[in-house]
Amino acid sequence: MPSIVNSFGKVSITTLAIGIAIGISVSNILRYTSSSSHNSIAGYIPDSPHSHGENDLLKGPDSSINWKDEHSHSHANEDDSIAKMLRKKVRVLCWVMTNPNNIYTKARHVKATWGHRCNVLLFMSSQPEDTLPAIALPVDEGRDNLWAKTKEAFKYVFSKHFDQADWFVKADDDTYMVVENLRFFLQDKSPKDPIYFGRRFKPMVNQGYMSGGAGYVLSKEALTRLVSSGLSNSDSCRGDGGGAEDLEMGKCLENLGVRAGDTRDELGRERFHPFVPEHHLIPDILPKDMWYWSYSYYPAKQGEECCSDYAITFHYVSPNMMYVLEYLIYHLKPYGIITSIHLEPAEGTKSRGQQEQSQITNQQSNPAQVKSADNGIEAQDEKLNTV
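Going along each chain's sequence as written, the residues are numbered from 1 onward. Reporting of local features is limited, given that this is a predicted model, to residues whose pLDDT is at least 70; pairs of side-chain atoms are given and counted only at 80 or more, and all residues count toward the totals for whole chains, interfaces and linings. Just so you know, side-chain values use all the structure's heavy atoms and leave hydrogens and water out.

What is meant by a nonpolar core is a set of buried Ala, Val, Leu, Ile, Met, Phe, Trp, Tyr and Cys residues, joined one to another through side-chain atoms within 4.5 Å. A simple rule labels every residue: compare its accessible area, found with a 1.4 Å probe on the protein chains alone, to the largest value its type can have, and call it buried under 20%, exposed over 50%, or partly exposed in between. Judged by nonpolar contacts, the single largest core of 46 residues is most densely connected at Trp95, Phe154, Tyr196 and Leu226. Every element with two or more residues in this core is listed here: strand 3 (92-97), strand 4 (120-125), helix 4 (146-161), strand 10 (209-210), strand 11 (216-219), helix 6 (220-230), helix 7 (245-255) and helix 9 (292-295). Numbered from the N terminus, helices here are DSSP runs of H or I no shorter than four residues, and strands are runs of E no shorter than two. When residues in this core are grouped by element, the largest group, six residues, is from helix 4. The contact criterion used throughout is that any non-hydrogen atoms of two residues lie within 4.5 Å. Residues in contact with Phe154, not counting those within four places in the same chain, are Trp95, Phe168, Lys170, Tyr216, Leu218, Leu223, Leu226, Val227 and Met249.

Attention shifts here to the packing of helix 4 against helix 6. Close contact between helix 4 and helix 6 brings their axes to 10 Å; oriented N to C, the two are set at 110 degrees. Viewed along their axes, helix 4 and helix 6 adopt a mutual orientation that is roughly perpendicular. Packed against helix 4, whose contacting residues are Phe154, Lys155, Val157 and Phe158, the element helix 6 presents Leu223, Thr224, Leu226, Val227 and Ser228 at the interface. Among the residues making up the contact of helix 4 with helix 6, the classes are represented as six nonpolar, two polar and one charged. The axes used here are C-alpha line fits, helices contributing only the stretch in contact, and every angle between their N-to-C directions lies in the interval 0 to 180 degrees. Geometric relationships in this document are graded by angle, where less than 35 degrees denotes roughly parallel, more than 145 denotes roughly antiparallel, 65 to 115 denotes roughly perpendicular, and other angles denote oblique. Residue type decides the class: Asp, Glu, Lys and Arg count as charged, Ala, Val, Leu, Ile, Met, Phe, Trp, Tyr, Cys and Pro as nonpolar, and the leftover types, Gly among them, as polar.

Moving on, we get to empty space enclosed by the protein. Definitions used for this entry: grid spacing 1 Å over protein atoms alone; cavity, a set of points where a 1.4 Å probe fits but cannot get out; pocket, an open set with protein on both sides within 12 Å along at least 5 of 7 lines; lining residue, one with an atom within 4 Å of a point. Grid points are joined across faces, edges and corners, and a volume is the space filled by probe spheres set on the points. For the coordinates displayed, the defined rule picks out one cavity of 30 Å³ or more. By volume, the largest cavity is sized at about 40 Å³. Lining the largest cavity, in full, are Arg199, Gly268, Arg269, Glu270, Tyr298, Pro299, Ala300, Lys301, Glu305 and Cys306.

Side-chain pairs of opposite charge can arise where the charged atoms are in close proximity. Only one rule defines a salt bridge in this text: a Lys or Arg side-chain nitrogen within 4 Å of an Asp or Glu carboxyl oxygen. Under the definition given, this model contains 21 salt bridges. Lys189 is the partner of Asp188 in a salt bridge, and the nearest nitrogen-oxygen pair spans 2.9 Å. Salt-bridge contacts for Glu248 lead to Lys251; the nearest nitrogen and oxygen are separated by 3.9 Å. Taken together, the residues Glu248 and Lys251, both in helix 7 and three residues apart, mark about one turn of the helix. Relative accessible area serves as the criterion here: at 32%, Lys251 is assigned to the partly exposed category. By sharing partners, the salt bridges in this structure join Arg238, Asp240, Glu248 and Lys251 into a single network.

Here it is, written out as structure tokens:
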């Protein structure tokens with residue numbers, strides 16, 4: 001029998017091998033392209049504004065990381081008095097959406113990083129867990145039950161922790177939150193107002209609604225209306241457990257007269273973010289034809305205009321990235337730069353800097369006023385520290 005080599009020739013075999021290799025390469029390229037709306041080198045890119053749980057398979061450290069350098073030279077001169085004052089003045093409860101499979105892979109890393117800075121921290125699951133702890137809600141797990149889980153979580157918060165906070169945050173277990181910046185944003189707002197804040201999307205709700213993954217925060221009045229008037233009335237809030245959690249919440253709160261607030265800073269930069277920092281900071285990572293651009297209530301920006309210096313949240317944050325952000329925000333320091341922050345004064349009053357400038361200006365013309373001005377500034381400082 002003639003050999004294959006004699007039948008086809010060495011050139012034909014080589015051509016066949018090259019063809020097979022090209023075919024495999026093209027197949028891999030097409031397979032990567034078909035999933036490029038889900039993953040990129042920079043991380044997960046959702047193909048829906050209501051995606052949930054896509055980071056569940058990402059593993060973090062085997063144990064929680066706890067920094068031991070609070071008393072080292074790099075932290076010795078830190079002044080956190082304003083943050084401590086705001087912790088007392090702006091009481092924040094945070095409840096985190098999780099599930100039994102994520103307790104050790106994701107939820108515990110939230111607790112080890114940003115979660116402990118909330119006045120009250122709760123993890124909502126369908127099974128109890130003692131080390132976090134996690135609360136067992138009477139719901140089934142799964143993406144199709146997130147609205148049911150959210151309703152049960154807010155009912156639990158209302159019945160068990162209503163008097164322990166003034167603002168009530170919902171976040172996912174892949175959300176990272178700078179809680180101090182949240183308090184700074186809320187410090188001049190009243191929890192008695194029917195309002196809620198987050199990253200505002202616009203389709204399907206007249207006033208827009210807040211992205212679930214980026215996290216949102218309800219005032220005490222908003223929570224009261226939600227639980228007391230809304231969740232028991234299917235005309236105001238969806239009665240079953242289906243639907244997208246954040247969208248259903250937006251519809252429900254609008255029907256209850258709860259306003260969707262604007263969280264942008266004075267330069268129009270966003271504070272709540274539905275993706276990791278890289279996706280907002282680096283142009284062209286997010287596809288031009290993805291849903292994000294049309295869903296954003298305000299024109300979405302990339303690059304240096306994307307994010308407020310006092311950003312509050314990022315989403316789709318892996319467990320490892322939780323610790324990276326923790327280090328960059330709370331531990332890394334540029335030597336020789338000291339940041340001094342003063343709260344804005346109440347409307348119609350002068351700031352400390354304005355008072356000091358007035359003191360210098362008037363010193364020569366009326367020295368007798370200097371002592372009075374000093375006393376006024378000290379009185380304002382004492383009042384601020386006792387709030």
